[in-house]
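Breakdown of the fold
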Amino acid sequence: MKLSVASAMIEAALAEAEKLKVAVCITVVDAAAWPVAFIRMDGAPLGVIDVSSKKAKTAVLFHMDSEAFAKVAHPNGEAYSLENTNGGLTSFGGGLLLKTADGAIAGAIGVSGASTEDDIAIGRIAARVLTPA
């Protein structure tokens, strides 16, 4: 994950969040779950800094969006309490796995601070920077 790409994703996500009139934190990590770029919009609660990071980390470490991870980590799921591993993960939507056009994992983006649906929508807009439609 190049900084230039991560920065472009942050800008796309920021524009979408402003359009939706929500204040969020946005974290982009590389394929090894290390942070590459981060932004906290004015007015975003301090608590969502960590949540955006954990959403991105969850997606890249388990090669699935955090929304899909929630289906295996919920109380009746096959891996209940898995979110307690790896220094803490997140089992709800807003973390999106990022793949290149050839399917290689490039990293992940985590968005937090709005509704789960808006967090996901903002992340999807940002992901288009990596793999335009």
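For the structure, see preceding data.
This one's a predicted model, so the numbers in the text were calculated from it and none came from an experiment. Here, residues in each chain are numbered from 1, in the same order as that chain's written sequence. A pLDDT threshold of at least 70 governs which residues receive local features in this predicted model, and a stricter bar of 80 or more applies before side-chain atom pairs are shown or counted, although totals over entire chains, interfaces and linings include all residues. Side-chain metrics in this entry use all non-hydrogen atoms of the structure; hydrogen atoms and water are not considered.

A few words now on the side chain of Ser 112. Each helix corresponds to a stretch of at least 4 residues labelled H or I by DSSP, and each strand to a stretch of at least 2 residues labelled E; elements are numbered beginning at the N terminus. Locating Ser 112 in the fold gives a position in strand β4 (residues 105–112). The contact criterion used throughout is that any non-hydrogen atoms of two residues lie within 4.5 Å. Beyond its immediate stretch of four places on either side in the chain, Ser 112 contacts Val 24, Cys 25, Val 48, Val 51, Ser 52, Lys 55 and Asp 119.

Next up on the list: helix α3 (residues 66–73). All buried positions along α3 are accounted for by Ser 66, Phe 69, Ala 70 and Ala 73. Within α3, the buried residues cover an arc of 110° as seen down the axis, which keeps them to one side. Tucked into the core, α3 has its buried residues touching α2 (47–62) and β3 (95–99). Partly exposed residues are those whose accessible area sits between 20% and 50% of the maximum for their type, while under 20% is buried and over 50% is exposed, using a 1.4 Å probe and protein chains only. Arc, as used here, means the arc of the directions from the helix axis to the C-beta atoms.

Another point: the sheet that holds β3. The four strands are arranged β2-β1-β4-β3 in an open sheet whose pairing can be described as antiparallel. The open sheet has two free edges, formed respectively by β2 (35–40) and β3, since each of these has just one partner strand. The sheet shows a mean angle of 15° between the axes of neighbouring strands, direction not considered. For β3 and β4, the ladder comprises five bridges, and the chain directions are antiparallel. Pairing of Leu 98 across the sheet is with Gly 107, part of β4. Paired strands are those between which DSSP finds at least two bridges. Only the contacting stretch of a helix is used when fitting its axis, a line to C-alpha atoms as for every element, and angles between N-to-C directions run 0 to 180 degrees.

Turning our attention to helix α4 (residues 116–127). Here the expected span of a helix is defined as 1.5 Å times the quantity of residues minus one. Across its 12 residues, α4 extends 16 Å between first and last C-alpha, which sits within 8% of the 16 Å expected from 1.5 Å per residue. Among the residues of α4, Asp 119, Ile 120, Ile 122, Gly 123, Ala 126 and Ala 127 are the ones counted as buried. When α4 is viewed along its axis, its buried side chains cluster within an angular range of 165° and face the same direction. Each element contacted by the buried residues of α4 is listed here: α1 (3–20), α2, α3, β3 and β4.

Here we come to the pairing of strand β1 (residues 25–30). Of all six residues in β1, five are buried, a share of seventy percent or more. Where β1 and β2 come together, five bridges link them in antiparallel fashion. Paired with Val 28 across the strands is Ala 37, a residue of β2. As consecutive antiparallel partners, β1 and β2 are separated by four residues, and within that stretch Ala 33 has a phi angle of approximately 75°, a positive value. Relative to β4, β1 is paired through six bridges, and the arrangement is antiparallel. Residue Asp 30 lies in a different strand from β4, and its bridge partner there is Gly 107.

Nonpolar side chains (Val, Leu, Ile, Met, Phe, Trp, Tyr) are joined into patches within 5 Å and like charges within 9 Å, using only residues with over 30% relative accessible area and no salt bridge. In these tables, accessible area is a Shrake-Rupley quantity obtained with a 1.4 Å probe, and a residue counts as shielded only by the protein chains included in the view. Here, a salt bridge means any Lys or Arg side-chain nitrogen found within 4 Å of an Asp or Glu carboxyl oxygen. Taken together, the side chains of Phe 38, Leu 46 and Ile 49 present a nonpolar region at the surface, about 290 Å² in accessible area. As for its position among the elements, Leu 46 is in the loop between β2 and α2.

With that settled, the discussion passes to the pattern of salt bridges. For the structure shown, the criterion picks out three salt bridges. As a salt-bridge pair, Lys 19 and Glu 16 come within 3.8 Å of each other at their nearest N and O atoms. Note that Lys 19 and Glu 16 are positioned in helix α1 at a spacing of three residues, about one turn of the helix. Linking Asp 119 and Lys 55 is a salt bridge whose minimum nitrogen-to-oxygen distance equals 2.9 Å. One end of the pair, Asp 119, is in helix α4; the other, Lys 55, is in helix α2, with 64 residues separating them in the sequence. Take Asp 119: its relative accessible area is 2%, and that puts it in the buried class. A residue is classified by how much of its surface remains accessible, and Lys 55, at 0% relative accessible area, is buried.

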